[in-house]
Amino acid sequence: MSLPENSRKTAEALAQELKQLALRAGVKIGTAESCTGGLIAGAVTAVPGSSGYFYGGIVSYDNSVKMRLLGVPATVLETDGAVSSRCAEAMARGAAERLGVDLAVSVTGIAGPDGGSAAKPVGTVWFGLYDRGRSRTELKVFSGGRADVRACTVRHALELLCSALRP
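Source: prediction; values computed, not measured. (Residues numbered from 1 in each chain as written. Predicted model: local features only at pLDDT ≥ 70, side-chain atom pairs only at ≥ 80, totals over all residues. Heavy atoms only, no water.)

**Let's talk about the side chain of serine 106**
Its location among the elements puts serine 106 in strand E3 (residues 103-109). Classification of serine 106 by relative accessible area gives buried; the value is 0%. From its side chain, serine 106 meets the backbone oxygen of alanine 88 in a polar contact 2.6 Å long. Setting aside residues up to four positions removed in sequence, serine 106 forms contacts with Ala32, Ala88, Met91, Ala92, Trp126, Phe127 and Gly128. (Helix = DSSP H or I, 4+ residues; strand = E, 2+ residues; numbered from the N terminus. Buried < 20%, exposed > 50% of the residue type's maximum accessible area, 1.4 Å probe, protein only. Polar contact = N/O pair within 3.5 Å; in protein donor to acceptor, adjacent residues only side chain to side chain. Contact = heavy atoms within 4.5 Å.)

This is the structure:
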């Protein structure tokens with residue numbers, strides 16, 4: 001299994017760091033999750049005191065939820081698909097707007113074991129980060145089984161949130 005750089009830190013350690021950084025910066029944080037099904041929000045809220053900065057998460061497994069709750073345009077889903085940069089960006093922005101937060105991370109991908117294609121193999125995950133008015137996306141392709149892909153996705157999402165807040 002190929003792990004990302006941040007695999008040296010556990011999700012628990014990253015969630016603890018996120019708490020310190022978020023409280024110090026005075027930011028509100030939210031999530032928009034597809035392939036992780038709420039695991040990022042679960043990792044954040046496993047840390048006592050997370051209610052001081054974590055406002056909520058939206059699990060949007062189905063495209064209709066991405067459109068209805070996060071405001072992802074139907075044209076994005078039709079032209080680029082749910083596993084795309086444009087979808088991840090719209091999910092992060094939608095989460096920030098709807099949850100009223102400063103910082104939001106989104107994930108949309110193919111955790112497997114099926115659902116992949118030559119263009120978007122199993123393990124493909126797009127990340128979106130909305131950071132106080134600016135947004136960006138990032139693509140990762142993780143290897144391993146479904147649990148591995150989801151665990152790597154959670155760690156990388158937490159790392160993105162932390163990196164946005166590090167001095």
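**Describing the nonpolar core**
Leu18, Ile29, Tyr53, Leu158 and Leu165 are the most contacted members of the largest nonpolar core, which totals 34 residues. Within the residue set of this core, elements represented by two or more residues are helix H1 (11-25), helix H2 (39-45), E3, strand E4 (124-131) and helix H6 (146-165). Residue contributions to this core peak at 10 residues, all from H6. (Core = buried A, V, L, I, M, F, W, Y, C linked by side-chain atoms within 4.5 Å.)

**Remarks on the packing of aromatic side chains**
In this structure the tally under the stated criterion is 1 aromatic pair. Pairing phenylalanine 127 with phenylalanine 142 gives two aromatic rings, centres 6.4 Å apart and planes at 90 degrees, and the pair type is edge-to-face. Of this pair, phenylalanine 127 sits in strand E4 while phenylalanine 142 sits in the loop between strand E5 (134-141) and H6, and the two are 15 residues apart along the sequence. Grouping residues by exposure puts phenylalanine 127 and phenylalanine 142 together as buried. (Phe/Tyr/Trp six-rings, centres within 6.5 Å; stacked < 30°, edge-to-face > 60°.)

**Some thoughts on the environment of serine 163**
Position of serine 163 relative to the elements: it lies in helix H6. Given the relative accessible area of 32%, serine 163 is considered partly exposed. When the C-alpha atoms of serine 163 and alanine 90 are compared, they prove to be 20 Å apart, with 73 residues separating the residues in sequence. At 2.9 Å, the side chain of serine 163 and the backbone oxygen of leucine 160 are in polar contact.

**With respect to the pairing of E4**
Within E4, 8 of the 8 residues are buried, which leaves it mostly tucked inside the rest of the structure. Side chains of E4 alternate between two faces, with Thr124, Trp126, Gly128 and Tyr130 and Val125, Phe127, Leu129 and Asp131 buried alike. The pairing of E3 with E4 spans 7 bridges and is classified as antiparallel. Residue pairing for E4: valine 107 is matched across the bridge by phenylalanine 127. Strand direction decides the pairing type here: E4 and E5, joined by 8 bridges, are antiparallel. Within E5, the position partnered with tryptophan 126 by the bridge is leucine 139. Counted along the chain from E4 to the antiparallel partner E5, the turn is 2 residues long, and its residue arginine 132 has a positive phi close to 45 degrees. (Pairing = 2+ DSSP bridges.)

No statement about biological role is implied by the geometric values presented.
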